[in-house]
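These are the residues of each chain, in order.
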Amino acid sequence: MSNAWVPPLDDRLLELLETRFAEDGDLFTVASGGLYVADPWHAKQILANAEGHYVEHSDFFHTSAGVLGPREIQQRIGREARELLAGFIQSSAGRLDGLVESHLWPSSRLPDAANHLLADYFRPALLATHTSSRLPAALTDVVKHAVLAGARERRRRWQRALLRRRAHGLLAAEIVARRRESGPAADLLGVVALATAPTHPPEQAGEVFLSLLFATTGSVGFLLAWSLFLLGQHEPPGQIPLSATVREALRLWPVAWLFGRVAARRHRIGPAVVEPGETVSVCTYLVHRHPAHWPEPNTFQPQRWGGANPAAFLPFGWGPHACTGAALSLGLVEELLRVITDRYHLSVAVDDPRPHTGPALAPPEFVLSLSTRAQRGGEER
Ligand code: HEM
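Residues numbered from 1 in each chain as written. Predicted model: local features only at pLDDT ≥ 70, side-chain atom pairs only at ≥ 80, totals over all residues. Heavy atoms only, no water.

- Looking at an unreviewed UniProt entry, the chain carries the name Cytochrome P450, with the source organism given as Rhizocola hellebori.

Structure follows, in structure tokens:
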């Protein structure tokens, strides 16, 4: 996920879409324009774009200079980033305990604490070495002012522009330096720098690196926060695997909740006619709560995750542009939950339970309290 296509920043958008879905079904238009799709079959057709009805699109590779291409370079970045992260995650398992202690124990304010935890965890994978000592601080600023839930609204436009200019400038200089080195990439910045050399300006490569920063720190952090939010409120019945909890969190609260696609030609979606230039929005939040596909769709039921992959579940997109980091994100969040729940009992306090809707669907601000299981057992005795 990147900041390429930004849904209208309106707190009531989610509520409005839910109302229209309940009244009009899984294909509807809203007054501000555009067709919204909540039917899983149509959603997959749109995202897969096999017939070329839509302008070729990937949020991830979208930059201010246009979409980074050709497709082979996108695929190389996706593959090499996944391989580098898989190795990194395997060799970093021993760090999870310490990160949980320092970021979440004994109580923490989420979702921010989850994003900071993931930023610390992934730091060596994102940037193993650097020539400018100012670059790590600039990336920390990007997390603080662009990744955290609501960060964009908290900053003025000129402050964000300044931050962006500084981060882009430092990243471009580092990418130029990386391209002079030989040998395989040691980190994600190296992956992007080498895959895009010598065809792309370093500024554009830097923006794609920021997509990786948003994915690792933002999306994975929000998924961790949603899982903790739900686990802290519902003790799952019996021996439900944590993998089911993570999937149920993603079903109820898909971080990537709205995908915009622009029509390239006239075509039909069910009874609706779409004209060239019109935007069609796939709402995975509604797909995941479609009552024809999910019994009791609004209820947290991790026990529903036993069998085959359900048709109405697309939290990582669909088709050729589906997320290359899906499996490793699920595995990492599951592992973090294991570290936390093995040792701690969780409780959650929240004032306003409404989610934060922006480019990503983030949890509301809540306080997570952890008490050691032994401590709690003692109290109970
Ligand atoms: C919970 C975490 C994550 C979520 C919810 C998520 C979600 C998504 C979604 C929905 C897309 C499709 C975007 C579109 O069709 O426009 C996507 C694409 C992508 N994601 Fe993720 N992502 C996550 C984590 C990651 C991580 C950790 C990586 C690092 C390897 C990653 C790498 C990518 C790449 C490279 C693409 C572009 C695929 C392509 O167009 O070929 N994602 N992600």
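What to know about the nonpolar core
Next, step 1: One finds Leu17 and Leu104 to be the most contacted residues of the largest nonpolar core, which totals 121 residues.
Next, step 2: With 18 residues, the single largest contributor to this core is helix α10 (residues 202–231).
Next, step 3: In this structure Leu104 touches Leu99, Leu110, Ala113, Leu117, Leu228, Ile340, Leu368 and Leu370, once residues within four positions along its chain are discounted. (Core = buried A, V, L, I, M, F, W, Y, C linked by side-chain atoms within 4.5 Å. Buried < 20%, exposed > 50% of the residue type's maximum accessible area, 1.4 Å probe, protein only. Helix = DSSP H or I, 4+ residues; strand = E, 2+ residues; numbered from the N terminus. Contact = heavy atoms within 4.5 Å.)

Topic: the site of the ligand
Next, step 1: Close to the ligand lie 26 residues; Asp59, Arg71, Arg261, His321 and Cys323 are nearest.
Next, step 2: Interatomic distance of 3.0 Å between a side-chain N/O atom of Arg71 and an oxygen atom of the ligand.
Next, step 3: Contacts to the ligand include His321, whose side-chain N or O atom sits 2.6 Å from an oxygen atom.
Next, step 4: Contributing elements (two or more residues each) for the shell around the ligand: α3 (71–91), α10 and β6 (258–262).
Next, step 5: A total of five residues in the shell around the ligand trace back to one element, the largest contributor, which is α10. (Near = heavy atom within 4 Å. Polar contact = N/O pair within 3.5 Å; in protein donor to acceptor, adjacent residues only side chain to side chain.)

A closer look at the coordination of the iron atom of the ligand
Next, step 1: Protein coordination of the iron atom of the ligand rests on one atom only, Cys323 (SG), at 2.3 Å.
Next, step 2: One can find Cys323 in the loop between α12 (284–287) and α13 (326–343). (Donors = N, O, S within 2.8 Å, 3.2 Å for Na, K, Ca; no water.)

A closer look at the packing of helix α9 (residues 188–196) against α10
Next, step 1: Where α9 meets α10, the closest approach of the two axes is 9 Å, and the angle between their N-to-C directions is 145 degrees. The way α9 lies across α10 gives a crossing that is right-handed. Facing α9, whose interface residues are Leu188, Leu189, Val192 and Thr196, α10 presents Ala205, Val208, Phe209 and Leu212.
Next, step 2: Its residues placed into classes, the contact of α9 with α10 shows seven nonpolar, one polar and no charged. (Axes fitted to C-alpha atoms, helices over the stretch in contact; angles between N-to-C directions. Left-handed = near helix turned anticlockwise from the far one by under 90°. Nonpolar A, V, L, I, M, F, W, Y, C, P; charged D, E, K, R; others polar.)

Quick word on the sheet that holds β6
Next, step 1: Read from one edge of the open sheet, four strands run β1-β2-β9-β6, paired in mixed fashion. Unpaired on one side and paired on the other, β1 (27–29) and β6 mark the two borders of the sheet. Pairs of neighbouring strands in the sheet enclose a mean axial angle of 25 degrees, with direction left out of account.
Next, step 2: Relative to strand β2 (residues 35–37), β1 is paired through three bridges, and the arrangement is antiparallel. Note that in β2 the partner of Thr29 across the bridge is Leu35.
Next, step 3: Of the strands in this sheet, β1, β2, β6 and β9 (279–283) are in contact with helix α1 (residues 13–24), which crosses β1 at around 125 degrees.
Next, step 4: Across the sheet, helix α2 (residues 40–48) touches β2, β6 and β9, and the angle it forms with β9 is around 125 degrees. (Pairing = 2+ DSSP bridges.)

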